[in-house]
Structures are given as C-alpha cells and as structure tokens.
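Observations on chain architecture
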Amino acid sequence: MKSPRSIELLAPAKNLECAMAAIDHGADAVYIGASRFSARAAAGNTLEDLEELVKYAHLYNVRIYVALNTILKDEELKDTEELIWKLYKIGVDALIVQDMGILKLNIPPIPLHASTQVDNRDVEKAIFMKEVGFRQIVLARELSIEEIRKIHEAVPDTSLEVFIHGALCVSYSGQCYISQACFNRSANRGECAQFCRLSFDIIDSEGKFITKNKHLLSLKDVNHSNNLEEIIDAGASSLKIEGRLKDVAYVKNVTAYYRQKLDSIIKRRPDLKRASSGKEKYNFVPQLDKSFSRGSTDYFLHGRSSDIFSFDTPKSLGEEMGYVKEIRGNYFTVAGVKSFNNGDGLCYIDGNGKLQGFRVNRVDENRLYPQEMPSFKPKTVLFRNFDQEFDKIMQHKSSERKIYVNIELAETPSGFSLTIRDEDRNMACIAVERERVEAHTPQNDNIRNQLSKLGNTPFLAQDVRIDLDGNWFIPSSELSEIRRKAVEELLMVIKINYFQEIAVLENKNVPFPKKELTYLGNVMNENAFSFYRDHGVEKIAPAFEKKEEKGVALMFCKHCLRYSMGWCPVHQKQKSPYKEPYSLISSDGKKFRLEFDCKRCQMKVYAEN
C-alpha cells in the first residue's frame, strides 16, 4: 500500500512572536526572514530569535524556512555565505532563494526552495529547478489547476508550493521593476513601494478619460479555502499563506482557519497525512473575514474571471454587516443579523467610490452611536474592518498545541518503571528502585491523576496505563518527580530523533531552457552570470537594478485592464470605444503606457516620462 502523502500548511511570520503563534495555531512549517537579504526588508530577524524558533518548532516536527530571496550584489555574496552557514548550524530546515549566484557559493547541505521570485510558471523552468537541486518550488500565483497539474506530472518527486491565501502582486513575481524605476526601491531586493496600490486615471491615445482616480492595478486577495482539495489533487504538497508583514492576529486567525479546513480533508482521505505533530485547541472560532482582506478571489485557478480586482480601494473592507436603515440625530440603525461591539471600526464606499471609515462609540442593539456621524445615506452597505471583541481575544493566548502521549507505570524486579510514548513513536523510560509497600487505600486514581499532570509541557496524556501486581503506595511527590524526568528525557529523544534533511547540490550539466537572458533574468552578480553560463546560456543581460534599461516593460500582468473594462477581443469579443494605446496617469502626473499581448494573455506596463 502506498504511503500517505504529506501535506504541509505553510504560515508566514514577520517576527518570533508571529512564528510561535503560527506553530501554536497549526502550521506545519513557517517561513520567516533573516536579518538581511529577504524579499520583505521590513521583516528581518536576529539569529538568536531564529534559533529559539527552531528549537520550539522542532518539538512539533514543524519546519522553519528562512527567506533569502533577494538578488544580491557582488559585495554581498561573502556575507550571504556566512549567514547561510549560521542558519544551517542553528538547525534551519531550508532556504527560500531567488539568486542563482547562491548555488555557486560554498554552502552547507541545506535544502533550497526556489522562490516565486524566480518566476516558476512553466514545466521547463520547473524541470530545470529540480535538476539543479531545488527541493521545493514556489509556483507563480497566476497558475491554473491544469498548469499546476502539468508541472507536478513533470516533476512528481519535487514538492510544489502554492499560495492559498493573502495579497496578490499584480505583476508576475520577480518580473516587476516599476518600483525601482519610479522610486529607486527594488522589489527584487525587498523594497517594493506598493506602486500597484496607488490610484490612477486611464486615458486613450487621444487623451480621452476612460476612468478617473481608481486603483486600477490593485487586486483582491486570493482565498482558496474552498479549493484546497482540488489544489492538493493537482499535485501541490505545500499550501502557503501570504503575509510576512501581517500582524500576529492575522497569523493566528488565518492559520487556524486553514488548519481546520485541511484537517477535515485529511480526516476523510487516508491517502493524505499531516506534515507535523500535535493537535490544537482554540478558544475562538477562526473566521477569515475578521482579518485583513481586500475581498476574495480564486484568481486564475479556474481560468480568467472578472472578480479579481478591487478598483475602489486597496484597503481592507472586512466583513459585510448589513446596511444603514435609518439615520437619527447622533445615531443610526442597521438592518442586518450580525451584532456590533463598542469600539468597532466600520467602513463603507461613498458616492465617489472611495472607502470611508469611522469608529463606533456605543452600541444599543441595532442602534449605533459613532464618534462622528458619517456622510452616508440609508441603504449604504456597511463593513466591519475592526472587530473590537475579536481583537481582544487575538491579543491573548488563543490556542494551545499538544502532542498526545501514552503513559505506562509498570513493575520491575527492583521497583517501578515509567514509560512515555508520543504519537511519533518517540519513547522515554525512567526506572526507579523502590521497595514495594502495600497501601491502605486504592491508589490507581491518584497515580493516574499525578502522571497526567503534564502542565506547561508540549504533551497531553491520551492514556495512562497502570500495570502493577499490587496496590502499592507511591508518594505523590515521587510520582511527580519520575514524571518530570520522563518528560525531560522524551524532549531530549524528540530533539535527537528530529529528521533534518540533508541536501548536497550536485554539479549537473543541465541546460537552461533559454539560450539568452534579458534583464528579466535578474542576474545581479558574477556568481549568477557564471551559473547561467555553466548551464548553456550564451547571452546574459544584467539585472534591471544593475543597469536600468530605457523603454522596456516594467510590469508583466496576467490582470488585464482591457478585459476588466469588457473589451477583450479574445474572451469577450468586444470592441473598445477608445483608441489604443491606453495610458495610466498617476496622481503625481507620471504616465505609463499599456500594451496588451494577447498571444501570451498578459498586459505590460511601460514608463512614458
């Protein structure tokens, strides 16, 4: 019989607190930034914090992946190599990398994951990544179920990582240069300026306005909570939540929600298993609409659709609560079934299509008394983007993760032995030499009670078996002491038995799928140049950040404004009333030309001034 396939829930963390919370709320793996070279420059962490995290994670067989997924300058290579060795020595399980120059460094046998910044969106790229040694490939967010399946069929023994929840980049990851061009902040070096969340006007070639002051490049957030099984069956084995800049409340809530969804699938699927140990107990009900969300979309998983963009606002709407029924002096009433709390944050879209927000001072059933009366009208739909009571729960301990153990107290020729076995078959046994003394009262209940007191340890007693020939007296203090020693030994056994994957890079002569690399190859350093030459690339242009090229495309988007307007000649068979090319105009007057590449079904963005 084929062994069950391990499915990993991969959660984000900007710091130690978020990472610990992710583990407690059900993550099988956590990805986090180191002190430098992470694609989220604002989410760096010290080696000391990472070491503490690794020790905690490995108790539950949770893996820690450190993101070193920026392109590197030549002068940064030595520091990168030193950092990688330090991460390896503290037990980090894998590195998420973009720069192929890292593969030319003298690095330890630590597994490498190919970041989504590498632009992993086709079979040829996936095969190459596998052949040069990557153990896990983070796929582009834009892929469909069929595209994921085809890649899995091409590299069936390589783990595929798929984004299942969170913010979407409008450009293919690793192929966005507009932040560098406009603000000298490279997305490929962790300094994205969030250009795609700005508002724009769009005009045609004659200067006619098509629409004004809209967030035309801002997408909703992906939400695949109803597509998990389909994604798993397509071949994904690592399900990734986006959010290395999100707060701890987001990490707790979203991780717990997907943990429950995934557990329900695994429970009825004997061909699947959880990738880590333990079981969580929550003191709240996870709800995705309680956390930051620009609205939900399944993006291109099932083909192109019109629900992917969020033109009115790039901010979080939250959960829909009902609509304004009546406005009376200093309060208004709401028609809806959900209850409000004092201190809630509410928002709505005004008549100009802009998001407006306000705070509720006091709630009296369906009557709400705001700090200041908003300028809305009856029938206005209300959203809650801050739930005061839910946030209070999230700011405190909201989950406990425990590993189930079986405990057995037995007799030995010279006394007693206490054995603890966990769900992963780790075992600790403590022998105690002691004279057996008959007790005057029944002892089993007290023994079972004392041995079950596992308190703040990672363990929870599932079964306590007492295998004694007589009703022997053992003081509670002595039971407590041998339990403590057994727990200490079991913790040591778990640490010793933890499986740390070893991955030695082989110098395979594998040809890269292309003979020429443009600036889109993101080749920043001499190591990277050497890597691609070794793999048959004959012409290599430097990275955009190294030598900014004029007149080249700065964004490559599956999102298409012509489609969103209803004028796609391929899918909608509609002709636009406006003359191309169209241009985006930013609030500071910068102009960007749009080009529609129907053959590749993508939109390109070029700077015009």
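Below is a short write-up of the structure.

1. A look at the overall build of the chain
Along its length, the chain carries 13 helices and 30 strands. Here the C-alpha radius of gyration of the chain, 28 Å, is about what a compact globule of 609 residues would show, namely 25 Å. In terms of principal-axis extent, the alpha carbons of the chain reach across some 100 × 75 × 45 Å. Each of the 609 residues in the chain was classed as buried or not, and the buried ones make up 55%. Taking the intrachain contacts of the chain between residues at least 6 apart in sequence as the baseline, contacts between residues at least 24 apart amount to 69%. Accessible area for the chain stands at about 27500 Å²; split by element, carbon and sulfur atoms hold 47% of it. Taken as two groups, the 87 positive and 85 negative side-chain charges of the chain have centres that lie 5 Å from each other.

2. Focus on the pattern of salt bridges
Applying the stated criterion to the full structure yields 49 salt bridges. Between Glu131 and Lys130 there is a salt bridge whose closest N-O contact spans 3.5 Å. Judged by relative accessible area, Lys130 falls into the partly exposed class, the value being 34%. One salt-bridge network, in which partners are shared between bridges, spans Asp28, Arg259, Asp263, Arg274, Lys279, Glu280 and Arg401.

3. Structural notes on the environment of Lys539
You can see Lys539 is positioned in strand β26 (residues 539-540). The exposed category is assigned to Lys539, whose relative accessible area is 56%. With residues near it in sequence (within four places) discarded, Lys539 still touches Lys515, Glu516 and Leu517.

4. A short note on the pairing of strand β15 (residues 319-328)
Across 4 bridges, β15 lies against strand β20 (residues 381-386) in antiparallel orientation. Within β20, the position partnered with Glu319 by the bridge is Arg384. Hairpin remark: β15 followed by strand β16 (residues 331-335), antiparallel, with 2 residues in the connecting loop; positive phi at Gly329, about 55°.

5. Focus: the nonpolar core
Core analysis: the biggest nonpolar cluster contains 154 residues, and Val66, Leu68, Leu87, Leu95, Leu217, Leu409 and Met555 have the highest contact counts within it. The element that contributes the greatest number of residues to this core is helix α8 (residues 248-267), accounting for 8 residues. Non-local contacts of Leu217, meaning those with residues more than four positions away in its chain, are made with Val170, Phe195, Cys196, Phe200, Met555, His559, Leu561, Leu584 and Met603.

6. With respect to the environment of Asp445
Mapped onto the elements of the fold, Asp445 is located in helix α10 (residues 444-451). Given the relative accessible area of 64%, Asp445 is considered exposed. For Asp445 and Phe556, which are 111 residues apart along the polypeptide, the C-alpha to C-alpha distance reads 68 Å.

7. Section: the pairing of strand β30 (residues 602-607)
The element β30 is largely enclosed, with a buried count of 5 among its 6 residues. Across 3 bridges, strand β27 (residues 555-557) lies against β30 in antiparallel orientation. By the bridge assignment for β30, Phe556 is matched with Lys604. In this sheet, β30 lies alongside strand β29 (residues 591-597) in antiparallel orientation, the contact comprising 6 bridges. The residue bridging Arg593 from the neighbouring strand is Tyr606, located in β30. Hairpin connection from β29 to β30: 4 residues lie between these consecutive antiparallel strands, with Cys601 at a positive phi of about 55°.

8. Let's talk about the packing of aromatic side chains
Here the structure, examined in full by the defined rule, presents 25 aromatic pairs. Aromatic side chains Phe309 and Phe311 sit 4.1 Å apart centroid to centroid with 15° between the ring planes, which places their arrangement in the stacked category. Of the two residues, Phe309 and Phe311, neither departs from the other in class, the shared state being buried. In this structure an aromatic cluster arises from ring pairing among Phe128, Phe512, Phe531 and Tyr532. In this structure, Lys240 is placed above the aromatic ring of Tyr31, and the distance from its NZ or CZ to the ring centre is 4.3 Å. For Lys558, the ring lying beneath its charged end belongs to Phe300, and the centroid distance is 5.7 Å.

9. Concerning the sheet that holds β20
What links the strands of a sheet is backbone hydrogen bonding, and the strands pair in either a parallel or an antiparallel sense. The sheet built from 6 strands closes into a barrel, its strands ordered β15-β16-β19-β18-β17-β20 with antiparallel pairing. Ignoring strand direction, the axes of neighbouring strands in this sheet form an average angle of 50°. As judged from the 5 bridges shared by strand β17 (residues 345-349) and strand β18 (residues 355-364), these two strands associate in the antiparallel manner. Bridge assignment links Cys347 to a residue of β18, and that residue is Gly357.

10. Regarding helix α2 (residues 47-59)
Along its 13 residues, α2 runs 19 Å from first to last C-alpha, staying within 8% of the 18 Å computed at 1.5 Å per residue. Buried positions along α2 lie against α1 (16-24), β2 (29-33), β3 (63-68), α3 (77-89) and α11 (476-497).

11. A few points about the sheet that holds strand β9 (residues 209-214)
Pairing is antiparallel across the open sheet formed by 6 strands, whose spatial order is β9-β8-β28-β29-β30-β27. Where the open sheet ends on each side, the last strands, each with one partner, are β9 and β27. Across the sheet, the axes of successive neighbouring strands diverge by a mean angle of 20°, strand direction being ignored. Both strand β8 (residues 200-203) and β9 contribute to a ladder of 3 bridges, which runs antiparallel. Its bridge partner lying in β9, Ile203 is registered against Phe209.

12. Considerations on the side chain of Ser171
Note that Ser171 resides in the loop between β7 (159-166) and α6 (178-183). Ser171 sits in the buried class, given a relative accessible area of 3%. For Ser171, the side chain forms a polar contact with the main-chain oxygen of Gln175, separated by 3.2 Å. A distance of 3.1 Å separates the side chain of Ser171 from the backbone nitrogen of Phe556, its partner in a polar contact. Every residue in contact with Ser171, bar those within four places of it in the chain, is listed here: Glu142, Cys176, Met555, Phe556 and Cys557.

13. Side note on the packing of α10 against α11
When two helices pack together, their arrangement is captured by the angle between the axes and the distance separating the axes. At a minimum axis distance of 9 Å, the contact between α10 and α11 shows a crossing angle of 35°. The way α10 lies across α11 gives a crossing that is right-handed. Residues Asn446, Ile447, Gln450 and Leu451 of α10 touch α11, and the partners they reach there are Ser476, Leu479 and Arg483. By residue class, the composition of the contact of α10 with α11 is 3 nonpolar, 3 polar and 1 charged.

Cut-offs used in this document
- Residues numbered from 1 in each chain as written.
- Predicted model: local features only at pLDDT ≥ 70, side-chain atom pairs only at ≥ 80, totals over all residues.
- Heavy atoms only, no water.
- Helix = DSSP H or I, 4+ residues; strand = E, 2+ residues; numbered from the N terminus.
- Rg over C-alpha atoms; globule rule 2.2 N^0.38 Å.
- Buried < 20%, exposed > 50% of the residue type's maximum accessible area, 1.4 Å probe, protein only.
- Contact = heavy atoms within 4.5 Å.
- Areas by Shrake-Rupley, 256 points an atom, 1.4 Å probe, with all protein chains shown as cover.
- Lys, Arg positive; Asp, Glu negative; His and termini not counted.
- Charge placed at Lys NZ, Arg CZ, Asp CG, Glu CD.
- Salt bridge = Lys/Arg side-chain N within 4 Å of Asp/Glu carboxyl O.
- Pairing = 2+ DSSP bridges.
- Core = buried A, V, L, I, M, F, W, Y, C linked by side-chain atoms within 4.5 Å.
- Phe/Tyr/Trp six-rings, centres within 6.5 Å; stacked < 30°, edge-to-face > 60°.
- Lys NZ or Arg CZ within 6 Å of the ring centre and 35° of its normal.
- Axes fitted to C-alpha atoms, helices over the stretch in contact; angles between N-to-C directions.
- Expected span 1.5 Å × (residues − 1).
- Polar contact = N/O pair within 3.5 Å; in protein donor to acceptor, adjacent residues only side chain to side chain.
- Left-handed = near helix turned anticlockwise from the far one by under 90°.
- Nonpolar A, V, L, I, M, F, W, Y, C, P; charged D, E, K, R; others polar.

The quantities given are spatial measurements derived from coordinates; they are silent on function.
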